[in-house]
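Chain residues, written in single-letter form:
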Amino acid sequence: MNENGLNKSAKIGIVITVLVIGFLIYSGINSGNNQSKTTEKAATTSVTLETASHSYSGVPYEGMAESEVEFTSLGNADEVEACTDFYKLNAKHRWKEYKWKENGKTVFKVTIRYFDYEKDCAVPGFVSDVCDWRDSYKSNKTTTKKHTTTTDPYNAKDYNNEDDFYDDHYDDFADYNEAEEYYNDHND
């Protein structure tokens, strides 16, 4: 709920209602068609829009808006972890991880970023990395998947050690420890 007492679903419903009313008015003015046909079309449009904005079949995918992650087939995450000093950091350095767990083990994880490195600007949160271990935990095998990162804007794997990495990217991290952690996370 926000300060106006409306949750996200209520806001979406209001927007859809306004769109439907506008559609009805526009259709009624610009055509001499039967009003009941126009109302039927508008109602169908409303249901389609509402369904599309509230649920997705499947799981989060790279590029998906953070605001839509909870509407996937996984539902709400069991744990959401933000980087240290999330609100103090520049968008370039912010991240969150949404984790879904089964029997205490993380079975699905997405990383949310707030900076588009291609456009070099801050953006609303989006899924930048997806890790899916659901099949690993369903089988009786004791194999584990190595954490792989599909998004590495700093190309950490191209460096021989943390020091070389930090030398080239010292201005992109709050301190050496943060750069070292990033380097190690992307060189598992």
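For the structure, check the block above.
On a predicted model such as this, the values are computed, not experimentally measured, just so you know. (Residues numbered from 1 in each chain as written. Predicted model: local features only at pLDDT ≥ 70, side-chain atom pairs only at ≥ 80, totals over all residues. Heavy atoms only, no water.)

## Considering the overall build of the chain
Stage number 1. Scanning the chain for helices and strands turns up five helices and four strands.
Stage number 2. In the chain, the order of α-helices and β-strands from amino to carboxyl end is α-α-β-β-β-β-α-α-α.
Stage number 3. Here the chain holds 188 residues, and 30% of them are scored as buried.
Stage number 4. Considering only contacts within the chain whose residues lie at least 6 apart along the sequence, 37% involve residues at least 24 apart.
Stage number 5. Split by element, the accessible area of the chain, about 12,300 Å² in all, is 49% carbon and sulfur. (Helix = DSSP H or I, 4+ residues; strand = E, 2+ residues; numbered from the N terminus. Buried < 20%, exposed > 50% of the residue type's maximum accessible area, 1.4 Å probe, protein only. Contact = heavy atoms within 4.5 Å. Areas by Shrake-Rupley, 256 points an atom, 1.4 Å probe, with all protein chains shown as cover.)

## Focus: the sheet that holds strand β2 (residues 95-102)
Stage number 1. Taken together, four strands build an open sheet; the order of strands is β1-β2-β3-β4 and the sheet is antiparallel. Edge positions in the sheet fall to β1 (79-82) and β4 (121-132), since each has one partner strand and no second. Sheet twist, expressed as the mean angle between neighbouring strand axes with direction ignored, is 20°.
Stage number 2. Where β1 and β2 come together, four bridges link them in antiparallel fashion. Directly across from Glu79, in β2, lies its bridge partner Lys99. (Pairing = 2+ DSSP bridges. Axes fitted to C-alpha atoms, helices over the stretch in contact; angles between N-to-C directions.)

## Digging into the pattern of salt bridges
Stage number 1. All chains considered together, the criterion is met by seven salt bridges.
Stage number 2. Among the salt bridges present, the one from Lys96 reaches Glu66, with a minimum N-O distance of 3.6 Å. Here Lys96, found in strand β2, pairs with Glu66, found in the loop between α2 (35-54) and β1; they are 30 residues apart in sequence, far enough to count as distant.
Stage number 3. Using a relative accessible area of 16% as the deciding quantity, one classes Lys96 as buried.
Stage number 4. Residue Glu66 is classed as buried on the basis of its relative accessible area, which comes to 15%.
Stage number 5. Residue Lys99 is joined to Glu81 by a salt bridge in which the shortest nitrogen-to-oxygen separation is 3.4 Å. Of the two residues, Lys99 sits in strand β2 while Glu81 sits in strand β1, which places them 18 residues apart along the sequence.
Stage number 6. Sharing partners across several salt bridges, the network here consists of Glu79, Glu81, Glu97, Lys99, Lys101 and Lys109. (Salt bridge = Lys/Arg side-chain N within 4 Å of Asp/Glu carboxyl O.)

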